[in-house]
Amino acid sequence: MVADSLVYHPSVAHYLKFVATTVGRDKLLRTLQYFSRFYAWYLFRTNGSPSEIAPFEAIKKQFGLARKLMRVGKNVEHLKAAAVAADSKSLDPITKYCAVGRQLGYAGYLTLDAATILDAAGIRKSESAKRLSKEAYRCWMFGLLFSTMSGVYSLYNLRQQQSRVDKKDGEGVVAIKRIEKERAAINLQLISDLCDLTVPTSAIGLTSFDDGFVGLAGTVSSLIGVYSQWKKTA
């Protein structure tokens, strides 16, 4: 039957594995959140009516709150990752420092972000929420900067490796393919990090990007996250 062929299709099983992960659900919500941020800005700039803009403003706000709740406790994961990176004997110093800096930045962001949940949910308003939110964005920015530096350094290392490979040798051909695969993954992560940097730098006033630009950049990085998580759950 047609229904059976759809229910038991491998894509359905893959989708269920994808949405079963917290990361998968978060990336989907994030995509909708940032696209709504862009589209609300677009409607406003094109003289859209308040009734047209309101649903997208609501999606931006409510999905943002939902994702904030889903992130609670995730700071411990990044603190552990920072400790593991610091204790690693296989990483060279630059990669190690970037890994530790990235994970501590994310941990700081998630810790401070969690401290603003009661205020964001309207349960208990706090005068310090705005300051904590700004410091959280600052930590996220530092984490992204370390991630970007790590990506650039990794690309440099791959270029050095490629220059030493004998392309005429069989093992060299395999090595080139491995390097190209790693380079593609790093480039994708770099694009994601650069897009994400528009969010905290705009929030703390270092840049003057409008909601349209930040929304588009956030949508791109979110779609990259969806793609990466989809591949991991294949």
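Anything mentioned here points back to the structure above.
Residues numbered from 1 in each chain as written. Predicted model: local features only at pLDDT ≥ 70, side-chain atom pairs only at ≥ 80, totals over all residues. Heavy atoms only, no water.

A. Representation of the packing of helix 6 (residues 93–114) against helix 8 (residues 129–163) in the model. Close contact between helix 6 and helix 8 brings their axes to 7 Å; oriented N to C, the two are set at 160°. When the axis of helix 6 is compared with that of helix 8, the two are roughly antiparallel. In terms of crossing hand, the pair formed by helix 6 and helix 8 is left-handed. Across the contact of helix 6 with helix 8, the residue classes tally to 15 nonpolar, seven polar and three charged. (Axes fitted to C-alpha atoms, helices over the stretch in contact; angles between N-to-C directions. Helix = DSSP H or I, 4+ residues; strand = E, 2+ residues; numbered from the N terminus. Parallel < 35°, antiparallel > 145°, perpendicular 65-115°, else oblique. Left-handed = near helix turned anticlockwise from the far one by under 90°. Nonpolar A, V, L, I, M, F, W, Y, C, P; charged D, E, K, R; others polar.)

B. Here's a closer look at the state of the cysteines. This structure, assessed with the given rule, holds zero disulfides. No disulfide involves Cys98; its nearest neighbouring cysteine sulfur is the one of Cys139, lying 17 Å away. (Disulfide = S-S within 2.5 Å.)

C. Here's a closer look at the environment of Ala234. Mapped onto the elements of the fold, Ala234 is located in the segment after helix 10 (211–232). Residue class for Ala234 comes out exposed when judged on its relative accessible area of 73%. Between the alpha carbons of Ala234 and Asp169 there is a distance of 32 Å; along the sequence they are 65 residues apart. Apart from residues lying up to four places away in sequence, Ala234 is in contact with His14 and Lys17. (Buried < 20%, exposed > 50% of the residue type's maximum accessible area, 1.4 Å probe, protein only. Contact = heavy atoms within 4.5 Å.)

D. Representation of a nonpolar patch on the surface in the model. On the surface, a cluster of nonpolar side chains totalling about 360 Å² of accessible area is made up of Val12, Tyr15, Leu16 and Trp230. Here the nonpolar patch gets three residues from one element, more than from any other, and that element is helix 2 (residues 10–19). For Trp230, the location among the structural elements is in helix 10. On the basis of relative accessibility, which here comes to 32%, the residue Trp230 falls in the partly exposed class. (Patch = residues over 30% accessible without salt bridge, like charges linked within 9 Å, V, L, I, M, F, W, Y side chains within 5 Å. Areas by Shrake-Rupley, 256 points an atom, 1.4 Å probe, with all protein chains shown as cover. Salt bridge = Lys/Arg side-chain N within 4 Å of Asp/Glu carboxyl O.)

E. Here's a closer look at the packing of aromatic side chains. In the structure shown here, the tally under the stated rule is 11 aromatic pairs. Taking the centre distance of 6.1 Å and the plane angle of 50° together, the rings of Phe35 and Phe38 count as tilted. With a gap of three residues between them, Phe35 and Phe38 both fall in helix 3 (residues 22–45), about one helical turn apart. What links up through ring pairs into an aromatic cluster is the set Phe35, Phe38, Tyr39, Trp41, Tyr42 and Phe56. (Phe/Tyr/Trp six-rings, centres within 6.5 Å; stacked < 30°, edge-to-face > 60°.)

F. Spotlight on the side chain of Gln33. Checked against the element boundaries, Gln33 lands in helix 3. For Gln33, the residues in contact, after removing those within four places along its chain, are Lys60, Phe63, Gly64 and Arg67.

G. Spatial organisation of the pattern of salt bridges. Following the criterion strictly, the structure yields 10 salt bridges and no others. Residues Glu77 and Lys74 are paired through a salt bridge, measuring 3.1 Å at the closest nitrogen-oxygen approach. With a gap of three residues between them, Glu77 and Lys74 both fall in helix 5 (residues 74–87), about one helical turn apart. The class of Glu77 is partly exposed, set by a relative accessible area of 47%. Judged by relative accessible area, Lys74 falls into the partly exposed class, the value being 28%. If you follow the salt bridges from partner to partner, you end up with Arg37, Glu57, Lys60 and Asp211 in one network.

H. Expanded view of the nonpolar core. Tyr34, Tyr106, Tyr109, Leu110, Ala136, Trp140, Met141, Leu144, Leu197, Val199, Ile204 and Val214 together form the largest nonpolar core, which totals 12 residues. Ranked by residues supplied to this core, first place goes to helix 8 with four residues. Once residues within four sequence positions are removed from consideration, Val214 is found in contact with Tyr34, Arg37, Thr198, Val199, Ser202 and Phe209. Listed in part, the five residues of the second largest apolar core include Leu155, Ile179, Ile186 and Leu190. (Core = buried A, V, L, I, M, F, W, Y, C linked by side-chain atoms within 4.5 Å.)

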